Structures are given as structure tokens and as C-alpha cells.
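Geometric and topological summary
Each chain, written out:
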Amino acid sequence: MMTVAPQTSRLHRTFFTDAEAALALLTLFLIGARIFVGSGVSVGQVLALVLLPLWVPRLVASRAGLWLAITAAVSAVSGVWLTAVAAQDHDTSQSTLIATTLLFLSVPMVAGIVVWAQRFVPLWTIGFTYGLGMVAAAVMRPSTFAENPWKFAIGLPVAVIVLSLTLRSRRRLSDMLALGALALVSVAMDSRAFFGVFTIVLLLLVWQAMPRISNKRMSAAKVLVWAAAIGVTVYVIGTSLLVEGYLGEDAQARSVEQQERAGSILVGGRPELAATAALFLSRPLGFGAGTIASPSDILVAKSGMQVINYDPNNGYVENFMFGPTKFELHSMTGDLWAYFGWPVLIFLVIAVVVMVRRVAVELARGTATALLLFAVIITAWNLFFNPIYSSAPFFGLALGLALAGPHLRFEESPWREKSLRR
């Protein structure tokens, strides 16, 4: 009988491990790069589907991952069924059905691949690779640079790359300095949302690093209360700075107009939320992943926007929100509900619980990283204030980081060490 030498066996294992690592990183890069081959299908999505037997077992190994996979599959089926139902009184598109379904499924795809890739490479490498893919996507679409490059093209990928590199350093100070710089750039580039998120993450890291009165670990629930308080404080102070003009004249003009019109910068800045609420009340089950909005749907959406004193008769609703092949409600939650109905809301609830729980646990342990906090907080923002097309891939990264194994511990700062000795 022929036996395989131990050294040869080790070489085989090393080869296959390296091959899996390379495939995982290549898939993440290509999904981030969004190179399309037709009908809204990207090269990265195709490769992820081919490699499904390798990453799905890692995703469903945890109970949370299993439920995410189940609800994602049910949501995809729901999107097809709702499209068939809507076909009785709406136009439908098969290419839109395929593109929208794969766009949504890219969320659990990326999450599963992140968990799979973590077996072979550290999280900072995963984030760095995905960020490079996102930069490639921005560069290949120069039209996104026309209005505000930082806000609409490179701000997000640059932040992912920078915070991945600071994660590699394992120093809190590196994270804090990077976040401060990113916040200042966001002010200079007239990006209110980015400025707010970077500031919240920075304050959470500062709070995490502060000496505690006792060595007893704070509970995750108390951590969430503190995090919510920080978020509310940043919003209140940020609103005052915007209205007073400290963050730029253009931002001031938009903020004042939105606050006067709707009573809140958040509501005034996203009239699509009112349209979503009106559509939900009109058709609670949703519309379907391949359904095209009808003239009556557009009228319902406009009526909802008029409630908050927004004038919808400006071409924006017809040309952007309800183009010839889409629903675009400018929030992940609204878009996904319209496409996939109630099952996707269950998916979102599970995903939010997974991400929030992970953030709370890491903050309680004192091990939360800027990359994790940034990814989760941006995703929470996108759930209500950004469309699914631009948000889904990053949603997958945030969910993957939350599902991944323990994050790297920081090198303790001297003042933290002294507080622990006491």
C-alpha cells in the first residue's frame, strides 16, 4: 500500500489553504469592484455563486448565520412571487428581477465570504481588499466624480482602506487620528452624514478607552445606552453647527431649508421616507423584485411627500425614484420591502440584532475597532437614508465583520493600564 509522506500532505494542505484564501480575497475584490456582465449581474456575484459550497457552510455554522441564510432565501422567493402577483396590474421586467435579487443576495454572500476568508487571513486584510475593490468601482464610473467625489465616490472606500490599515496597527491612537482626519475631510467636502458617523465612531472609541471607576465589565445593555446617548448628542450638536453655518455655507443653506420645511433635518433631507410610508399603507405586502411602478403608485408616493411640505412635481419622483425599471425609495429598508415584502424585514431585524449585539459586546470588552464601528453605524444609517444599490455590498461587509470571530485586541494605553492596576 502506498502512503503519502507527512511533508507532502502538509504541502497539499498549504497549497489548498493558500488557494482558498486567494479565491476568497479575489471574490471580495470583484464584488466590491462591481464589474457587470449583463442584466445587472456582476463577475463577483457569479464567482460567489460558483464558490457557494465553500462559504455557505461557514455562514450557516452559527445559529445567526443559519437564520440569515434561511430568511434571505425566503425573501428571494417572496420577491419572485410578489412580481407574479403584481403582473396582473403592473408591468414587470425579468432582467430587473434577476438584478435586484442578486443585489440583495450579495449581502449574505459577502457576509459568508468574509467569515470564510477569516479562516485564512486577518480582518484588516479582508477590509483592505474589499476597499480596493470599491475604489476600482468608483474609478471605472467617472460620472460619480462629477458632483462630489468624496461624498458619492471615494469617501466610503477610502475610509474602509484607512481603517483597515489602522486595524493592522492595533493601536487606538491610530484609529482616533484617522477618524479625526476623515471627519475634517468630510466637512471640507460638504458631507454631513460622513462627518456625523466619523464623529460618533471617534467618540465611542474615546469613551471605550477611558478609565473605569471599577474593574467590573459594563453590560452590553448599558453600553448600548451610552452609545445611543453619544449618537443623540452628536446629532443635536451637529444640527446646531450646521444651522449656524460652522460646517460650511452650502450645508447651512440645505439644513435650514430642510428643517423649516419638515421640522427636522433628517425628515426634510429624506422626503422619500414619506413616500415609502404612503406606499406601505397603500400596498403593505410589497411589489416584487421585478415590478415596475405604475402611475397610481407614483401618485401615492407624491401624496405622501406633500404631507411633509415637499413639492414632488419637480421631475425627481418620476425620473429618479420611479424610473423605467425600478423602485428607488432611497433607503435600504424601503427598497427591500418594495422588492421582497415582509420576509426581508425579518432578515433585516436579524441582521441588525447581530450587528448591534456584536458592537455592544466588543465595546463592553474594550475591543471594538474603528472598522467594525464604522461599518455597522454606516449600515444603520443606510437602512433609512441610502438606497439599496449603493448600500448592499457594504451591508454585507458590516454583517460579515459582525459574524466573524473575535476582533484583535488593542495594545493597552498607559492610562488604561494604570486604571486597571488600581
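Residues numbered from 1 in each chain as written. Predicted model: local features only at pLDDT ≥ 70, side-chain atom pairs only at ≥ 80, totals over all residues. Heavy atoms only, no water.

**Regarding the overall build of the protein chain**
Of regular secondary structure, the protein chain possesses 20 helices and 2 strands. Counting across all 422 residues of the protein chain, residues that qualify as buried make up 50%. Within the protein chain, counting contacts between residues at least 6 apart in sequence, those at least 24 apart form 75% of the total. (Helix = DSSP H or I, 4+ residues; strand = E, 2+ residues; numbered from the N terminus. Buried < 20%, exposed > 50% of the residue type's maximum accessible area, 1.4 Å probe, protein only. Contact = heavy atoms within 4.5 Å.)

**Concerning the pattern of salt bridges**
Evaluation of the coordinates by the stated rule reveals 3 salt bridges. The salt bridge involving Glu20 is made with Arg119; its shortest N-O contact spans 3.9 Å. Residue Glu20 is located in helix H1 (residues 6-33), and its partner Arg119 is located in the loop between helix H5 (94-117) and helix H6 (123-139); the two are separated by 99 residues in the primary sequence. Owing to a relative accessible area of 45%, Arg119 belongs among the partly exposed residues under this scheme. Measuring nitrogen to oxygen at the nearest pair gives 2.4 Å for the salt bridge that ties Lys302 to Glu318. (Salt bridge = Lys/Arg side-chain N within 4 Å of Asp/Glu carboxyl O.)

**Some points on the side chain of Thr129**
Its location among the elements puts Thr129 in helix H6. The class of Thr129 is buried, set by a relative accessible area of 12%. In this structure, Thr129 is in contact with Leu25 and Phe29, ignoring residues within four places of it in sequence.

**Considerations on unusual backbone geometry**
One non-glycine residue with positive phi stands out, namely Arg34, at about 55°. Of note, Arg34 is situated in the loop between H1 and strand S1 (36-38). Residue class for Arg34 comes out buried when judged on its relative accessible area of 12%. Phi is positive for Asn309, which is not a glycine, with a value near 65°. Examined against the element boundaries, Asn309 turns out to sit in the loop between helix H14 (295-307) and helix H15 (316-321).

**Quick notes on helix H19 (residues 388-403)**
Note: α-helices contain 3.6 residues per turn, so residues at a spacing of three or four share the same orientation. The terminal C-alpha atoms of H19, which comprises 16 residues, lie 21 Å apart, in line with the 22 Å expected from a rise of 1.5 Å per residue. The largest bend in H19 is about 25°, located at Phe394. In terms of residue burial, H19 counts as a mostly covered element, since 14 of its 16 residues are buried. (Expected span 1.5 Å × (residues − 1). Bend = angle between axes of the 7 residues up to and from the residue.)

**A short note on the side chain of Ser164**
Of note, Ser164 is situated in helix H7 (residues 149-169). Look past the residues within four positions of Ser164 in its chain and what remains in contact with it is Trp124, Gly127, Phe128 and Leu371.

**Things to note about the packing of helix H8 (residues 172-188) against helix H9 (residues 192-209)**
Interaxial distance between H8 and H9 falls to 8 Å at its minimum, and their mutual angle equals 160°. Considering their axes alone, H8 and H9 lie roughly antiparallel with respect to each other. Judged by the twist between their axes, the crossing of H8 over H9 is left-handed. Listed contacts from H9 to Arg172, Asp175, Met176, Leu179, Gly180, Leu182, Ala183, Ser186 and Val187 of H8 are Phe194, Phe195, Phe198, Thr199, Val201, Leu202, Leu205, Val206, Gln208 and Ala209. For the contact of H8 with H9, the residue count by class is 13 nonpolar, 4 polar and 2 charged. (Axes fitted to C-alpha atoms, helices over the stretch in contact; angles between N-to-C directions. Parallel < 35°, antiparallel > 145°, perpendicular 65-115°, else oblique. Left-handed = near helix turned anticlockwise from the far one by under 90°. Nonpolar A, V, L, I, M, F, W, Y, C, P; charged D, E, K, R; others polar.)

**As for the packing of aromatic side chains**
Tallied over the entire structure, the rule returns 17 aromatic pairs. Aromatic side chains Phe104 and Phe340 sit 4.9 Å apart centroid to centroid with 40° between the ring planes, which places their arrangement in the tilted category. Linking Phe104 in helix H5 with Phe340 in helix H16 (residues 332-340), this pair joins segments that are 236 residues apart in sequence. For the residue pair Phe104 and Phe340, the accessibility class agrees, reading buried in each case. With a centroid separation of 4.3 Å and 35° between ring planes, the pair formed by Trp381 and Phe385 is classed as tilted. Taken together, the residues span about one helical turn, with Trp381 and Phe385 both in helix H18 (residues 370-385) at a distance of 4 residues. Exposure remark for Trp381: the relative accessible area of 27% places this residue in the partly exposed category. One aromatic cluster is present, formed by Phe280, Phe287, Phe322, Phe327, Trp337 and Trp342 through successive ring pairs. Above the face of the Tyr389 ring, Arg34 is positioned so that its terminal group lies 4.1 Å from the ring centre. (Phe/Tyr/Trp six-rings, centres within 6.5 Å; stacked < 30°, edge-to-face > 60°. Lys NZ or Arg CZ within 6 Å of the ring centre and 35° of its normal.)

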